[in-house]
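The primary structure of each chain is shown beneath.
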Amino acid sequence: MPKETDPGDRHVLDGVAVDVMDRFDDGLAHLSRVRTAARALGETVERLLTLTGDQPDDAPDDDPLRNFLSHARIIRDRSGETARLLCEDSFSETLTQMDDDLRLLRDRATELRSVTYLTKIVCADNALENARLDPFIRTLEQRSVELREISTQALKASSAIRGASREAARTLSSLGTTFDEMVRAAETASTEICTLAEGHANHIATVRDNSRRLAEDIGGAVSRLIDCLQFPDAFSQRREHVVAIIAARETATGAPERHALGRIAAAQLAAMGEALVQVTQDAQNALSVVTASVDACDPGGGVGREDPSAQWLDAARRGNDLMREAADAGRARLDSSLALLDGVLGHIAEAISGLEASVDLNGSLENSARNAAISASRAGDSGSALHVLSQNVREVVIATTALTERLSKALQRVHGVSDGLKGAGLREELAMLDRIQAGAKSMADAQTGMLRKLGTQQAELSQQAADIRQAAQSASTAFGSAGHEAPRLELIAANQEQAIAPDDVDAAVDLAWVEALYTMEEERAVHRALYPDSFSSAMGLSVTADEADEDLDGFLM
């Protein structure tokens, strides 16, 4: 005799369904946490990618320290060139020649005055001669005094040029040495910063890649959990259908019908157990991907004790400090050098002004002497004191003219040195150093702010990843517990199999009402496997891909 169906099977099945639903409710609650944390993590990753997306170009032309070095080298080289210009033998020889010529010019002025005094003495007793000479003598006296004063001042300016040039050359040489030391220190710092900048760029790229991969891996794993969302409703519906089949078997009077319904119930229960195992295993596999992604993708970019970005930023700050110190030290020496150069240029300007005045005065003397000679000739007295004086004056003027011409050429060479000093552009180069250093400070401040924000976002990512990992582990545990209910389904299925008599045979049984129960393709597939000829393929519809996508969208939202 076949074993009668145990009425308790339905109660056991109800208990299994309750336990499975409870486990799935627990698991889905944890999945909701995973979803919330994954969405927050995705938003944090987007902010991180935006923050690190616009990094300064590391091209040499944009490197502040390299630009600083370039202009520091210019100051070093031009300081040396200017110092050499002031120390050239030709410049020194020109100044020496100027000193000698200016002394001779001063002597000529003294000689002119002496001639004037002698003439006055000779003609002291001759009232008529005195009257004729007096205007010319007063003019000569005034001109000789002015010429002596001008030549004396020019001689002082020339001597000052010599002294200031020596001091300026010494200071400029010191400035060149100072900047040479700065350049060497900055070159060492620049090499270190370039190496660390590459490490910083690689670190940021790793952080970006890890963060992006973490968001993508978690999002992909969550999307594979769609079956978990659909399973509770599907399981509940299938349970109701199996309960109805078992109940119908218990009340059936014909052996063929009992046989068919028992086979169907057993097969559906077995399929439900397999589906439960499959969906919980799939969920656990997807969740294991989530935890593995969290473990594998370090939001910190694989940083241990030494952060490449922090190292680079520290080196950049040191480089900025070096630039500031270099600019400050250079400014003190350069200001001193420029003040001395300004003094040299001022003395040169005085010497040029004095020479121009002496040329003008010499021309005036020449005109006076010519006019006196003409007056003497008209009077027909070639031996008069006026004629003799005019001749003596003309001789002095000729000698003075030769001196002023030679001094003019010398001052042209001095003027060339002056133009070279003005064209060195040391002030402009130092101003450029200040601008570069200020720009480097702004860049360092901006990078400091960026890295501070990056650190905050990395901490958020780490916390969000930890939350996801914990929720994923809890969900996996819940789904694993649900999967452990599968053997109870198999036991109920076995009870249904044992209730079938060995000599029962399938006969023509109307199973249309059973077919009408089914709402899922999985149920129909099990039924078809048992009774392929009795099943209508047009019966019922399966869940479409669009519906599944809508469920997933709803979950991910």
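Computed from a predicted structure; not experimentally measured.

Looking at the overall build of the protein
(1) Moving on: The helix and strand tally for the protein stands at 13 helices and 0 strands.
(2) Moving on: Looking at the 557 residues of the protein, the share that counts as buried comes to 43%.
(3) Moving on: In the protein, once contacts between residues fewer than 6 apart in sequence are set aside, the share between residues at least 24 apart is 91%.
(4) Moving on: For the protein, the exposed surface amounts to about 27,000 Å²; the carbon and sulfur share of it is 51%.

Notes on the confidence of the model for the protein
Atomic detail in the predicted coordinates should be set aside for any region of low pLDDT.
(1) Moving on: Summarising the model, the protein shows a mean pLDDT of 76, and 77% of its residues fall at 70 or more.
(2) Moving on: When mean pLDDT is taken per element in the protein, helix 12 (residues 521-530) scores highest with 92 and helix 13 (residues 545-556) scores lowest with 49.
(3) Moving on: Note on residues 1-5: pLDDT under 50 across the span, and 12 contacts to partners over four residues away in sequence or across chains.
(4) Moving on: Predicted confidence is poor over residues 537-545, with pLDDT under 50, and the contacts of this stretch with residues over four places away or in other chains come to 11 contacts.

Considerations on the packing of aromatic side chains
(1) Moving on: Applying the stated criterion across every chain, the model contains 3 aromatic pairs.
(2) Moving on: Taken together, a centroid distance of 5.1 Å and an interplanar angle of 25° make the contact between Phe24 and Phe231 stacked. Separated by 207 residues along the polypeptide, Phe24 in helix 1 (residues 8-51) and Phe231 in helix 5 (residues 226-251) bring together distant segments of the chain. With respect to burial, Phe24 and Phe231 carry one shared label: buried.

Here we look at the pattern of salt bridges
(1) Moving on: Summed over the entire model, instances satisfying the criterion amount to 13 salt bridges.
(2) Moving on: Note that Glu167 and Arg170 form a salt bridge whose closest N and O atoms lie 2.4 Å from each other. On the criterion of helical spacing, the pair formed by Glu167 and Arg170 is a turn pair, its members being 3 residues apart in helix 4 (residues 127-223).
(3) Moving on: In this structure Glu167 comes out as partly exposed when scored by relative accessible area, which is 32%.
(4) Moving on: Between Arg184 and Asp180 there is a salt bridge, and its shortest N-O distance comes to 2.5 Å. With Arg184 and Asp180 both in helix 4 and 4 residues apart, the pair spans about one turn of that helix.

Section: the packing of helix 6 (residues 255-296) against helix 12
(1) Moving on: At a minimum axis distance of 10 Å, the contact between helix 6 and helix 12 shows a crossing angle of 135°. Considering their axes alone, helix 6 and helix 12 lie oblique with respect to each other. Pair helix 6 / helix 12 crosses with right-handed handedness. Where helix 6 abuts helix 12, its residues Arg263, Ile264, Ala267, Gln268 and Ala271 lie against Glu523, Val526, His527 and Leu530.

Looking at the nonpolar core
(1) Moving on: If you look at the biggest cluster of nonpolar residues, it comprises 107 residues, and the most contacted ones within it are Phe24, Ile218, Cys228, Phe235, Leu269, Ile468 and Phe479.
(2) Moving on: Among the elements that make up this core, the one with the highest residue count is helix 4 (21 residues).
(3) Moving on: With sequence-adjacent residues up to four places away left out, Phe24 is seen in contact with Cys228, Phe231, Pro232, Leu276, Val279, Thr280, Phe479 and Ala482.
(4) Moving on: Ranked by size, the runner-up nonpolar core spans 6 residues in total, among them Leu112, Phe136, Val393 and Val396.

Digging into the packing of helix 5 against helix 6
(1) Moving on: Relative to each other, helix 5 and helix 6 sit at 165°, their axes nearing to 10 Å. With respect to helix 6, the axis of helix 5 lies roughly antiparallel. The two elements helix 5 and helix 6 meet at a crossing, and its hand is left-handed.
(2) Moving on: A breakdown of the residues in the contact of helix 5 with helix 6 according to their chemical character gives 17 nonpolar, 2 polar and 5 charged.

Side note on the environment of Ile204
(1) Moving on: Along the polypeptide, Ile204 turns up in helix 4.
(2) Moving on: C-alpha separation for the pair Ile204 and Leu454, spaced 250 residues apart in sequence, amounts to 9.5 Å.
(3) Moving on: Residues in contact with Ile204, not counting those within four places in the same chain, are Thr52, Ser309, Leu451 and Leu454.

Regarding the side chain of His30
(1) Moving on: Checked against the element boundaries, His30 lands in helix 1.
(2) Moving on: Dropping the residues within four chain positions of it, His30 is found in contact with Ala471, Ser474 and Ala475.

Considerations on the environment of Ser481
(1) Moving on: By secondary structure assignment, the location of Ser481 is in helix 9 (residues 426-483).
(2) Moving on: For Ser481, a relative accessible area of 24% corresponds to the partly exposed category.
(3) Moving on: Placed 461 residues apart in sequence, Ser481 and Val20 show a C-alpha to C-alpha distance of 8.2 Å.

Cut-offs used in this document
- Residues numbered from 1 in each chain as written.
- Predicted model: local features only at pLDDT ≥ 70, side-chain atom pairs only at ≥ 80, totals over all residues.
- Heavy atoms only, no water.
- Helix = DSSP H or I, 4+ residues; strand = E, 2+ residues; numbered from the N terminus.
- Buried < 20%, exposed > 50% of the residue type's maximum accessible area, 1.4 Å probe, protein only.
- Contact = heavy atoms within 4.5 Å.
- Areas by Shrake-Rupley, 256 points an atom, 1.4 Å probe, with all protein chains shown as cover.
- pLDDT = per-residue confidence, 0-100.
- Phe/Tyr/Trp six-rings, centres within 6.5 Å; stacked < 30°, edge-to-face > 60°.
- Salt bridge = Lys/Arg side-chain N within 4 Å of Asp/Glu carboxyl O.
- Axes fitted to C-alpha atoms, helices over the stretch in contact; angles between N-to-C directions.
- Parallel < 35°, antiparallel > 145°, perpendicular 65-115°, else oblique.
- Left-handed = near helix turned anticlockwise from the far one by under 90°.
- Core = buried A, V, L, I, M, F, W, Y, C linked by side-chain atoms within 4.5 Å.
- Nonpolar A, V, L, I, M, F, W, Y, C, P; charged D, E, K, R; others polar.

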